Amino acid sequence: MKDILVYLRTKTNSVSRLFLILPVLMALLIFSRAGHAQVVNEATKKRISIGVGLYTDIWMNMPEGTKARAINQGFNVFGTYNIPFGKSNMSFAIGLGLSAHNLYGNFLIDTTKNTTTVGFKKIPDGVNYKKSKLNVDYLELPLELRFKSKSKVTVAAGFKLGFLIGSFAKYVGDGNVNTYFYSLGSKEKTRIKLLGVKNLDQFAYGPTFRIGFRWINVNAYYQLSSIFTKGKGPETYPISVGFVLMPF
């Protein structure tokens, strides 16, 4: 199998984004240690929450001729600090997190001749391929209003803002594909990876909803923003539905 790697952004830019991830990882580690440390009192422990989620993305507004796969698995992890409203069952939570969204479909990343607009090019019907996807990763600031009953049922509504920290497109299949970024004329099996997809919007945002019992939750996220900058790419966006485990 032939492997092709294309950098659409500089390595320096990728390294600088890595430094944005480190504070999140450090914060989650601190939250986790604080939640288990013997020196932290019970009141403080109850204010710290760690969540790990798996979900599928339902992609809306796909360009004509292209379609997304039924299951587009994604992943997120977050930590929050909870502020109760007096002695009530209501609280406000703020935190930091990371999320990865995937869009699998019958398309390749392409661009116009003047390279100002990025689009999806449908993979020709005669081409056999195993996988073609777009991945976007965000550093996130989640906010929630929570209600937790005495029976351990939790209902939470909120909003989150994400900042783009990484992206790539990947294709695995026959080599007889043709776009602005790569042109191959052979049927030899090929793996192509484009790092740093152009024209992605730097921000993502939308409302969230979660309901659960004890540490098992069902959650949803409706992204209000397109993943591409308006006018410079498809106006597609995800609706995420999945599960979140919050053991502490």
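Calculation rules
- Residues numbered from 1 in each chain as written.
- Predicted model: local features only at pLDDT ≥ 70, side-chain atom pairs only at ≥ 80, totals over all residues.
- Heavy atoms only, no water.
- Phe/Tyr/Trp six-rings, centres within 6.5 Å; stacked < 30°, edge-to-face > 60°.
- Helix = DSSP H or I, 4+ residues; strand = E, 2+ residues; numbered from the N terminus.
- Buried < 20%, exposed > 50% of the residue type's maximum accessible area, 1.4 Å probe, protein only.
- Lys NZ or Arg CZ within 6 Å of the ring centre and 35° of its normal.
- Core = buried A, V, L, I, M, F, W, Y, C linked by side-chain atoms within 4.5 Å.
- Contact = heavy atoms within 4.5 Å.
- Pairing = 2+ DSSP bridges.
- Polar contact = N/O pair within 3.5 Å; in protein donor to acceptor, adjacent residues only side chain to side chain.
- Patch = residues over 30% accessible without salt bridge, like charges linked within 9 Å, V, L, I, M, F, W, Y side chains within 5 Å.
- Areas by Shrake-Rupley, 256 points an atom, 1.4 Å probe, with all protein chains shown as cover.
- Salt bridge = Lys/Arg side-chain N within 4 Å of Asp/Glu carboxyl O.
- pLDDT = per-residue confidence, 0-100.

Undergrad: Please provide a residue-by-residue account of the packing of aromatic side chains, values included.
TA: Inspection of the entire model under this criterion finds 6 aromatic pairs. For the pair Phe-107 and Phe-120, a centre-to-centre distance of 4.3 Å together with 25 degrees between the ring planes defines the contact as stacked. Of this pair, Phe-107 sits in strand β5 (residues 107–111) while Phe-120 sits in strand β6 (residues 118–122); the two residues are 13 residues apart in sequence, bridging distant segments of the chain. Residue Phe-107 is classed as buried on the basis of its relative accessible area, which comes to 1%. For Phe-120, a relative accessible area of 12% corresponds to the buried category. By the ring-pair criterion, three or more aromatic residues cluster together here, those being Phe-107, Phe-120 and Phe-228. In this structure, Lys-160 is placed above the aromatic ring of Tyr-221, and the distance from its NZ or CZ to the ring centre is 4.3 Å.

Undergrad: Can you tell me about the nonpolar core, naming the residues and giving the values?
TA: By size, the foremost hydrophobic cluster in this structure holds 28 residues, and its most contacted members are Ile-109, Phe-120, Leu-134, Leu-194 and Phe-228. Elements with a contribution of two residues or more to this core: β5, β6, β7 (129–148), β8 (153–174) and β9 (189–195). Apart from the residues lying within four places of it in its own chain, the contact partners of Phe-120 are Met-62, Pro-63, Thr-66, Leu-103, Phe-107, Leu-108, Ile-109, Leu-134, Phe-228, Pro-234 and Thr-236.

Undergrad: Give me the lowdown on the pairing of β9, citing residues and values where you can.
TA: Taking every second residue as pointing to the same face, the buried face of β9 carries Thr-190, Ile-192 and Leu-194, while none of Lys-189, Arg-191, Lys-193 and Leu-195 on the other face is buried. The sheet contact formed by strand β1 (residues 2–7) and β9 spans 6 bridges and is parallel. Looking across to β9, one finds that Val-6 is bridged to Leu-194.

Undergrad: Give a description of the environment of Thr-56 that names residues and reports values.
TA: Of note, Thr-56 is situated in strand β2 (residues 48–60). Thr-56 sits 186 residues away from Gly-242 along the chain, and the two C-alpha atoms are 6.2 Å apart. The contacts of Thr-56, once residues within four sequence positions are left out, are Ala-70, Ile-71, Asn-72, Gln-73, Ile-239, Ser-240 and Val-241. Within polar-contact distance, the side chain of Thr-56 engages the backbone nitrogen of Asn-72 at 3.0 Å.

Undergrad: Give me the lowdown on a nonpolar patch on the surface, citing residues and values where you can.
TA: A surface patch of nonpolar side chains, amounting to about 910 Å² of accessible area, comprises Tyr-81, Ile-83, Ile-94, Leu-96, Leu-141, Phe-159, Leu-161, Phe-203, Tyr-205, Tyr-222 and Leu-224. Only β3 (73–84), β4 (90–104), β8 and β10 (203–213) provide two or more residues apiece to the nonpolar patch. With respect to the helices and strands, the residue Tyr-205 is situated in strand β10.

Undergrad: Can you explain the side chain of Gln-223? Please cite residues and give values.
TA: With respect to the helices and strands, the residue Gln-223 is situated in the loop between β11 (216–222) and β12 (237–245). Take Gln-223: its relative accessible area is 1%, and that puts it in the buried class. In this structure the side chain of Gln-223 is engaged in a polar contact, spanning 2.9 Å, whose partner is the backbone oxygen of Ser-225.

Undergrad: Requested: an account of the pattern of salt bridges, with residues and values cited.
TA: If you walk through the whole model with that rule in mind, you get 5 salt bridges. Salt bridges here are not isolated pairs; linked through shared partners, they connect Glu-144, Arg-146 and Arg-210.

Undergrad: Before we move on, can you summarise the confidence of the model for the protein with the specific residues and values?
TA: On average, residues of the protein score 84 in pLDDT, and 81% of them reach the 70 mark or higher. Here residues 11–16 is modelled with pLDDT under 50, and outside its nearest four sequence neighbours on either side it reaches 0 contacts, counting other chains as well.

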